[in-house]
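What follows is the residue order along each chain.
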Amino acid sequence: MIDERNLLVCKHHFMRKKILAPKKFIKPSYSYLIEKKRDGGEFSQEEIRYVVDSVLDKEMPEYQMAALAMAIFFQGMSAQETAILAEEMMLSGEVVDLSKISRPKIDKYSTGGVGDKTSLVLAPLAVACGVVMPMMVSQDEEFLISSLDKLDAIPGFSGKMNLEEFVAQLKTTGCTIADQSEEIAPVDGTLYRLRQNTATIPSLPLITGSVLSKKLAEGAEGLVVDVKWGNGSFIKDVEQARQLARSITRVGRSLKRRCVALVTDMNQPLGDTVGTALEIQEAIQLLKGEGPEDLQELVLKLGMEIVRLAGVAGSTLSAKQTVQRHLKDGSALAKFKELIEAQGGDSSYIDDPSKFPTAKHIRKLPAPKRGYVHTINAGMIARGVQLLGANREGRRKHVDPSVGVSEIKKVGTQVKQGEPLMMIHYNDEAKLESVLEYFKQAYRLAPKRPNPPQLIVERVA
């Protein structure tokens with residue numbers, strides 16, 4: 001699917017139209033395209049390109065864009081259509097050329113998870129293993145705390161950089177955790193905002209096109225995807241998560257990119273903390289080869305996929321040994337400090353996590369009765385933490401780095417009445433009272449011990 005066009009850096013979209021414009025293509029009406037997809041028809045490459053150009057040029061009315069998104073939501077798109085959509089959206093903006101960097105370029109994408117610190121760990125870990133990771137972060141799910149929100153707890157750290165700075169840092173440091181550039185796949189940005197307002201976020205082909213258009217435009221040669229399902233994800237059904245994993249890997253291969261996906265459980269928070277500074281401190285533990293078992297397992301498995309996809313390690317055993325070695329010998333932690341310094345942050349906070357701000361108050365959430373933790377609603381915990389102050393209430397506004405929850409009791413844990421289900425870190429009593437119900441309702445206790453959920457459900461490659 002991708003040819004020499006993927007090396008173009010499209011400075012102006014009119015040049016893109018001149019280069020890519022099909023010959024003898026009669027532009028259909030937008031109503032015709034909506035009807036075609038509504039009735040289950042398949043778009044041609046020229047039709048998809050026309051839609052992308054119309055969105056880019058702001059020629060398609062928003063109400064017709066919304067109707068088209070809804071038609072795609074119900075009728076879907078074939079793998080071929082989705083691959084064309086991903087490529088055309090990729091070419092709607094800048095395409096970063098990393099060919100002068102000889103090391104393999106592998107990126108990681110997650111559909112979003114409560115308490116998920118793996119991106120903070122995997123970027124420096126990948127570099128320590130000999131892999132370049134060109135990571136840009138977008139604010140996809142409003143109830144989740146992004147990697148950049150967490151890193152903002154480190155004084156001076158900035159995710160803002162232009163594409164020239166992005167490439168320069170990859171050459172020197174080997175990884176970035178940067179804010180999503182508006183120059184990358186701008187059509188996807190427009191469509192994503194539309195999908196948020198039209199309840200079409202869960203559309204599998206639109207998710208696939210969105211993910212691949214951005215990651216390939218950032219210069220990634222391969223992609224490891226963590227597809228989460230459960231009450232802490234916008235994907236509530238495990239079968240839908242499997243379908244998305246298959247869609248991304250299949251379309252990624254058709255675009256001649258190496259791609260592997262893990263389907264993972266998001267029916268309880270990952271790790272022991274949710275917040276910003278609290279999660280950074282947990283990420284530091286993980287970079288020392290320590291930390292909660294579930295996060296250690298996920299970092300190990302995703303790290304193994306990255307080094308295997310990059311060709312750094314051949315066998316499963318070799319991949320495992322490579323990842324474990326760089327976590328234990330301190331090289332991954334050293335790369336994390338280098339990343340923080342490269343983006344203006346004070347790396348002394350990594351050496352001494354006690355420098356992070358702490359909340360004025362810490363209060364336990366007592367178990368209402370004796371029993372076993374049967375279920376946890378991760379989404380409700382995330383919402384409660386954001387209401388405590390870990391919420392921007394608009395892009396890039398202030399977050400209180402000290403608030404959050406820690407010592408989270410996991411599914412299958414036995415508790416006595418009054419024993420803490422979690423510890424709540426807060427500064428404002430009024431905010432605490434407003435969120436206590438979120439935390440209380442997030443937990444369900446039962447007299448019999450349930451089977452803990454399987455963290456990694458399936459590997460799709």
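On a predicted model such as this, the values are computed, not experimentally measured, just so you know.

**Q** I tried to follow the packing of aromatic side chains on my own but got confused; where do I start?
**A** Aromatic ring pairs are reported here in terms of the distance separating the ring centres and the angle at which the planes meet. Applying the stated rule across the entire model yields three aromatic pairs. Arranged with centres 5.1 Å apart and planes meeting at 85°, the rings of Phe73 and Phe74 form a pair that is edge-to-face. Ring geometry for Tyr349 versus Phe356: centroids 5.2 Å apart, planes at 75°, classification edge-to-face. With a relative accessible area of 13%, Tyr349 lands in the buried category. On the basis of relative accessible area, Phe356 is assigned to the buried category, the value being 3%. Seen from the ring of Phe43, Lys37 lies directly overhead, with NZ or CZ sitting 5.1 Å from the centre.

**Q** Could you clarify how one ought to interpret the layout of surface pockets in this entry?
**A** In this approach a probe as big as a water molecule rolls over the atoms, and the regions it shows empty are the leftover space. Each pocket or cavity is described by its volume, and for the second largest pocket that value is around 260 Å³. As for the second largest pocket, its lining consists of 15 residues, and the residues nearest its centre are Gln268, Asp294, Lys410, Pro453 and Leu455. Of all the elements, helix α13 (residues 293-310) adds the most residues to the lining of the second largest pocket, at three residues. Considering only residue class, the lining of the second largest pocket consists of seven nonpolar, two polar and six charged.

**Q** Would you mind showing me how to read the packing of α13 against helix α14 (residues 316-328) here?
**A** Packed helices, taken two at a time, are described by their axes: the angle between them and the distance between them. It is at 9 Å that the axes of α13 and α14 come closest, and there the two elements cross at 115°. Crossing of α13 against α14: the hand is right-handed. Residues Val299, Leu300, Gly303, Met304, Val307 and Arg308 of α13 lie in contact with α14, whose contacting residues are Thr316, Ala319, Lys320, Val323, Gln324 and Leu327. Taken together, the residues of the contact of α13 with α14 break down into seven nonpolar, three polar and two charged.

**Q** What exactly am I supposed to notice about the pairing of strand β3 (residues 175-179) here?
**A** Consecutive side chains along a regular strand alternate between the two faces of the sheet. The buried fraction of β3 is high, at five of five residues. Here five bridges tie strand β2 (residues 133-137) to β3, and the two strands are oriented parallel to one another. Counted as the bridge partner of Met135 is Ile177 from β3.

**Q** What's the story with the sheet that holds strand β13 (residues 456-460) in this structure? I'm lost.
**A** Strands pair in a sheet through their backbones, by hydrogen bonds, and they do so in one of two ways: parallel or antiparallel. With mixed pairing, the four strands of this open sheet are ordered in space as β1-β4-β5-β13. Across the chains shown, the open sheet's two edge strands, defined by having one partner strand only, are β1 (106-110) and β13. Averaged over all pairs of adjacent strands, the angle between strand axes in this sheet comes to 15°, irrespective of strand direction. Pairing analysis gives five bridges linking β1 to strand β4 (residues 222-229), with the strands arranged parallel. Looking at β4, one finds that Asp107 is bridged to Leu223. Sheet strands touched by helix α11 (residues 238-254): β4, β5 (258-265) and β13. Its angle to β5, the strand with the most contacts, is close to 170°.

**Q** So what exactly am I meant to see when it comes to helix α9 (residues 186-198) here?
**A** Along an α-helix, a turn takes 3.6 residues, which lines up residues three or four apart on a common side. Relative to the 18 Å expected for 13 residues at 1.5 Å per residue, α9 spans 19 Å between its end C-alpha atoms, a close match to the ideal helical length. By the burial criterion, the buried members of α9 are Val187, Asp188, Leu191, Tyr192, Leu194, Arg195 and Thr198. Projected down its long axis, α9 shows its buried positions confined to an angular sector of 165°, all on one face. Along α9, the residues that are exposed and aim more than 90 degrees away from the buried face are Arg193 and Asn197. Packed against the buried residues of α9 are α3 (45-56), α4 (62-75), α5 (79-90) and α10 (204-217). Note on α9: the residue one or two positions beyond its end, Ala199, has a positive phi of about 60°.

**Q** Looking at this structure, how should I read the side chain of Ser110?
**A** Summarising the element assignment, Ser110 is placed in strand β1. In this structure the side chain of Ser110 is engaged in a polar contact, spanning 3.0 Å, whose partner is the backbone nitrogen of Gly112. Ignoring sequence-local partners within four residues, the contact set of Ser110 consists of Asp116, Asp226 and Lys228.

**Q** Would you mind going over the environment of Gly291 with me for this structure?
**A** Looking at the element boundaries, Gly291 is found in the loop between α12 (277-287) and α13. Residue Gly291 is classed as partly exposed on the basis of its relative accessible area, which comes to 27%. Sequence separation between Gly291 and Ala79 is 212 residues, and the spatial gap between their C-alpha atoms is 40 Å.

**Q** Mind showing me how you'd approach the environment of Asn267 here?
**A** With respect to the helices, strands and loops of the structure, Asn267 is situated in the loop between β5 and β6 (274-275). Here the alpha-carbon distance between Asn267 and Val411, two residues 144 residues apart in the chain, equals 9.2 Å. Apart from residues lying up to four places away in sequence, Asn267 is in contact with Trp229, Gly230, Asn231 and Ile376. One polar contact links the side chain of Asn267 to the main-chain amide nitrogen of Asn231, over a distance of 3.0 Å. There is a polar contact of 2.8 Å between the side chain of Asn267 and the side chain of Asp265.

**Q** Mind showing me how you'd approach the nonpolar core here?
**A** For soluble globular proteins, nonpolar side chains are generally found buried alongside one another. Residues Leu125, Leu151, Ile154, Ile177, Ile306, Phe336 and Phe356 are the most contacted members of the largest nonpolar core, which totals 55 residues. Considering each element in turn, this core owes the most residues, 10 residues, to α13. If we skip the residues at most four places from it in the chain, Leu151 touches Leu120, Phe157, Ile177, Ile280, Phe336 and Ile340. In terms of nonpolar packing, the next biggest core, distinct from the first, is built from 44 residues, Val95, Val211, Val238 and Leu255 among them.

Rules and cut-offs
- Residues numbered from 1 in each chain as written.
- Predicted model: local features only at pLDDT ≥ 70, side-chain atom pairs only at ≥ 80, totals over all residues.
- Heavy atoms only, no water.
- Phe/Tyr/Trp six-rings, centres within 6.5 Å; stacked < 30°, edge-to-face > 60°.
- Buried < 20%, exposed > 50% of the residue type's maximum accessible area, 1.4 Å probe, protein only.
- Lys NZ or Arg CZ within 6 Å of the ring centre and 35° of its normal.
- 1 Å grid on protein atoms, 1.4 Å probe; cavity = no way out; pocket = protein on both sides within 12 Å on 5 of 7 lines; lining within 4 Å.
- Points joined across faces, edges and corners; volume = space filled by probe spheres on them.
- Helix = DSSP H or I, 4+ residues; strand = E, 2+ residues; numbered from the N terminus.
- Nonpolar A, V, L, I, M, F, W, Y, C, P; charged D, E, K, R; others polar.
- Axes fitted to C-alpha atoms, helices over the stretch in contact; angles between N-to-C directions.
- Left-handed = near helix turned anticlockwise from the far one by under 90°.
- Contact = heavy atoms within 4.5 Å.
- Pairing = 2+ DSSP bridges.
- Expected span 1.5 Å × (residues − 1).
- Arc of directions from axis to C-beta.
- Polar contact = N/O pair within 3.5 Å; in protein donor to acceptor, adjacent residues only side chain to side chain.
- Core = buried A, V, L, I, M, F, W, Y, C linked by side-chain atoms within 4.5 Å.

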